[in-house]
Protein chains: 2
Amino acid sequence: MAIHLSSRRTFLAGGMALAGVRRLPAATARLQDDLKLGVATYSFRKFTRAQMIDMVRQLGVIYLSVKDVHLPYNSTPKQLAAARKEFADAGLKVLSGGVIYFEEPGRIRSFFEYAKGAGMPMIIAGPTHQTLPMLEPMVKEFDIKVAIHNHGPGDRNFPTPQSALEAIKHMDERIGLCIDIGHTARAGIDILEAIRQAGPRLLDLHVKDLKDTSVKGEAVPVGEGVLPIAPMFKLLRQLNYQGGVMLEYEVDADNPLPGMQKSFAYMRGVLAGLRA
Amino acid sequence: MAIHLSSRRTFLAGGMALAGVRRLPAATARLQDDLKLGVATYSFRKFTRAQMIDMVRQLGVIYLSVKDVHLPYNSTPKQLAAARKEFADAGLKVLSGGVIYFEEPGRIRSFFEYAKGAGMPMIIAGPTHQTLPMLEPMVKEFDIKVAIHNHGPGDRNFPTPQSALEAIKHMDERIGLCIDIGHTARAGIDILEAIRQAGPRLLDLHVKDLKDTSVKGEAVPVGEGVLPIAPMFKLLRQLNYQGGVMLEYEVDADNPLPGMQKSFAYMRGVLAGLRA
């Protein structure tokens, strides 16, 4: 029943967003993308929410994962509602918020209240081994999904998708993974294998590319590095993956748009090649 | 015998260019492209040869079709040799020159001498019905290929690939087509069918994309329009097409690089998707 309601809410939210999209110029809404290509707004961390929205529209993307820099945790309900309206008016659909770091048990509920007020159906989460079990009752109470984000070799909590998968395997099915393919590759893990292992627990993806897969592997525009983007997209389509494929562009923080444009052009080309 | 010599010369020229490429930073030479993606330098018509070479390198491309703005027809043999050296030193390989318009019978020989001096193994040609037959003896004498470029609805001579194909079908096999997919689509012709019909007579391609295929269809970055880029690349790979796939970017003449970067990212994505 909870799942049914959740699906229905997502559907209604999608309908609103699509109605908004129809008012956009054709070039800014690429509804032909068969995977849900989107943007983790951390990519625009040096910009205001209004600037971020403008650039996301230039990318022809409608799916967002919103970072707190664009919607502060201490926002009032009125401010959260205003932000929701801004996203909807721009034809954008918020798939999630995050990464939200759950370090203090005492703040957990406030983050779910924030997500609820912001209309986020999912939280991309960085919990600790201590806080992770405390998220499950919140997921049930708020009917908000949680996707654990792995943070690579430097992450003391969940450096790899497998480490997170192991920790959640007996939890509510609305708790899953956001596999960050850059951090995963830098941890020496095969991305395709990690996706297969996650199966239905894969709820979101942070996409990027790396010049090499060493621990300090440098990020580059998608398609210019060594990560297996095309085989991964092929696998995601085979798995009928319905989650977001969110570009988290970590380079060129002061001027990310050109590299992000190349990244989306490449990803759309891959999808066109896979469909041909 | 003539064909044998031609192949050998092409091979040697290729070896020189590849030796140059090895000196480039890895990021600027995408030898993994399985079709020969390149640039028709008409795209950089507002820039000097040196600026053009710099931007082509930024695109990670090695194949060029050189327009006379970057190598004037009245160049001396010494100037032509200097340009050849500049291209080779930059790791670039000249596949052809053009489009060269053969309007006056009296100038035909001089264009072949120009191409020979510039090391161009092929001329992308805009002949008239009168001059086309005069090109065949030159092709035999100079052992330089000719690819007839169709120029769309406004072209009084060869508006479509089929009209050129009909005119050359009994000529030397080194005379073929450069199908301009934009002009072809604006003439109401199916690009894939035109490529199939041309078969081994297809020697070169001018790639672009259009917002729509009306007679006045506006050019856009490749991947952002309606032309069937991915199905075309799939067909070209099936046909084992060995010619150039040359981006002729007609928009943003004052600042073409961003749109060209998106175009190459998209085309490389398509190839990656087809390979996956």
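Residues numbered from 1 in each chain as written. Chains lettered and ligands numbered in written order. Predicted model: local features only at pLDDT ≥ 70, side-chain atom pairs only at ≥ 80, totals over all residues.

Caption draft 1: Structural detail: the overall build of chain A. Tallying secondary structure elements over chain A gives 10 helices and 10 strands in all. Per-residue burial over chain A gives 50% buried out of 276 residues. Excluding contacts between residues fewer than 6 apart, the proportion of contacts in chain A whose partners are at least 24 apart in sequence is 73%. (Helix = DSSP H or I, 4+ residues; strand = E, 2+ residues; numbered from the N terminus. Buried ≥ 20, exposed ≤ 12 C-beta atoms within 10 Å, placed from the backbone. Contact = placed C-beta atoms within 7 Å.)

Caption draft 2: How the structure looks around the packing of helix H6 (residues 161–168) of chain B against helix H8 (residues 191–198) of chain B. All names here are of chain B. Taken N-terminus to C-terminus, the directions of H6 and H8 make an angle of 10 degrees; their axes are 10 Å apart at the nearest point. Classified by the angle between their axes, H6 and H8 sit roughly parallel to one another. Here Pro 161, Gln 162 and Leu 165 of H6 come into contact with H8, specifically with Ala 194, Gln 197 and Ala 198. In terms of residue class, the contact of H6 with H8 is made up of four nonpolar, two polar and no charged. (Axes fitted to C-alpha atoms, helices over the stretch in contact; angles between N-to-C directions. Parallel < 35°, antiparallel > 145°, perpendicular 65-115°, else oblique. Nonpolar A, V, L, I, M, F, W, Y, C, P; charged D, E, K, R; others polar.)

Caption draft 3: A look at the relation of the copies chain B and chain A. Of the transformation superimposing chain B on chain A, the axial component is 0.0 Å and the angular component is 180 degrees, with the fit at an RMSD of 0.0 Å. Expressed as an axis order, the relation between the two copies is that of a two-fold axis. Most of the interface of chain B is mirrored in chain A, where 100% of its interface residues again form contacts. (Least-squares fit on C-alpha atoms with pLDDT ≥ 70 in both.)

Caption draft 4: Main features of the sheet that holds strand E1 (residues 36–40) of chain B. All names here are of chain B. Strand order around the closed barrel formed by eight strands is E1-E2-E3-E4-E5-E6-E7-E10, with parallel pairing between neighbours. On average, each strand axis in the sheet is inclined to that of its neighbour by 30 degrees, with strand direction left out of account. Running at roughly 170 degrees to strand E6 (residues 175–180), H8 makes contact with E6 and strand E7 (202–207) of the sheet. (Pairing = 2+ DSSP bridges.)

Caption draft 5: Representation of unusual backbone geometry within the structure. Between Gly 98 of chain A and the following residue, Val 99 of chain A, the backbone shows a cis peptide bond with an omega angle of 5 degrees. A positive phi is found at Asp 143 of chain B, a non-glycine position, where the angle reads about 50 degrees. Position of Asp 143 of chain B relative to the elements: it lies in the loop between helix H5 (132–142) and strand E5 (145–149). Not every positive phi belongs to a glycine, and Asp 252 of chain B is a case in point at roughly 50 degrees. Here Asp 252 of chain B lies in the loop between strand E10 (244–247) and helix H10 (257–275).

Caption draft 6: Structural view of the interface of chain B and chain A. Taken residue by residue, the interface counts 22 residues in chain B and 22 residues in chain A. Of all elements in the fold, only helix H9 (229–238) and H10 of chain B reach the threshold of two or more residues within the side of chain B that touches chain A. Considering each element in turn, the side of chain B that touches chain A owes the most residues, 14 residues, to H10 of chain B. When its residues are assigned to classes, the side of chain B that touches chain A shows 13 nonpolar, four polar and five charged.

Caption draft 7: A look at H5 of chain B. Residue and element names in this part refer to chain B. All buried positions along H5 are accounted for by Leu 132, Leu 135 and Val 139. Taken down its axis, H5 places every buried residue within 45 degrees of arc, on the same side. The exposed set on the far side of H5, more than 90 degrees from its buried face, consists of Pro 133 and Glu 141. As for H5, its buried residues are in contact with strand E3 (93–102), helix H4 (108–117), strand E4 (122–127), E5, H6 and E6. Note on H5: the residue one or two positions beyond its end, Asp 143, has a positive phi of about 50 degrees. (Arc of directions from axis to C-beta.)

Caption draft 8: Region of interest: the sheet that holds strand E2 (residues 63–66) of chain A. Residues and elements named next belong to chain A. If you trace the eight strands once around the closed barrel, you get E1-E2-E3-E4-E5-E6-E7-E10, paired in parallel fashion. Direction aside, neighbouring strands of the sheet carry axes that sit 30 degrees apart on average. Note: strand E7 (residues 202–207) against strand E10 (residues 244–247), four bridges, orientation parallel. Within E10, the residue paired with Asp 204 across the bridge is Gly 244.

Caption draft 9: Examining the environment of Glu 193 of chain B more closely. Position of Glu 193 of chain B relative to the elements: it lies in helix H8. Taking the C-alpha atoms as reference points, Glu 193 of chain B and Met 232 of chain B, separated by 39 residues in sequence, lie 9.8 Å from one another.

Caption draft 10: Structural view of helix H9 (residues 229–238) of chain A. Buried residues of H9 of chain A: Ile 229, Ala 230, Met 232, Phe 233, Lys 234 and Leu 236 of chain A, and no others. Taken together, the buried residues of H9 of chain A touch helix H8 (191–198), strand E8 (209–210) and helix H10 (257–275) of chain A together with H10 of chain B. Directly after H9 of chain A, the chain includes Asn 240 of chain A, whose backbone phi takes a positive value near 55 degrees.

Caption draft 11: Fine view of the pairing of E6 of chain B. Residues and elements named next belong to chain B. Within E6, six of the six residues are buried, which leaves the element mostly enclosed by the surrounding structure. With four bridges connecting them, E5 and E6 associate as parallel partners. Note on E6: the bridge partner recorded for His 149 is Cys 178. Between the parallel pair E5 and E6, the chain is carried across by H6, and the sense of this crossover is right-handed. Sheet analysis places E6 next to E7, joined by four bridges and oriented parallel. If you follow Cys 178 over to E7, its bridge partner there is Asp 204. (Right-handed = clockwise from strand over helix to strand, strands pointing away.)

Caption draft 12: Spatial organisation of the packing of H4 of chain B against H5 of chain B. Residues and elements named next belong to chain B. Close contact between H4 and H5 brings their axes to 10 Å; oriented N to C, the two are set at 30 degrees. In terms of axis orientation, H4 runs roughly parallel to H5. Pair H4 / H5 crosses with right-handed handedness. Contact residues: H4 offers Ile 108, Arg 109, Phe 112 and Lys 116, while H5 offers Met 134, Leu 135, Met 138 and Phe 142. By residue class, the composition of the contact of H4 with H5 is six nonpolar, no polar and two charged. (Left-handed = near helix turned anticlockwise from the far one by under 90°.)

Caption draft 13: Quick peek at the pairing of strand E3 (residues 93–102) of chain A. Residues and elements named next belong to chain A. Of all 10 residues in E3, nine are buried; the element is thus mostly enclosed. As paired strands, E2 and E3 are joined by four bridges and run parallel to one another. Bridge pairing links Val 66 to Gly 97 in E3. Bridge analysis of E3 against strand E4 (residues 122–127) gives five bridges, and the strand direction is parallel. Counted as the bridge partner of Phe 102 is Pro 127 from E4.

Caption draft 14: Representation of the environment of Arg 84 of chain B. Residues and elements named next belong to chain B. Its location among the elements puts Arg 84 in helix H3 (residues 77–89). Taking C-alpha positions, Arg 84 is 38 Å from Gly 188, a pair spaced 104 residues apart along the chain. Filtering out sequence-adjacent residues up to four positions away, Arg 84 remains in contact with Ala 118 and Gly 119.

By themselves, these are just geometric observations and shouldn't be taken as functional.
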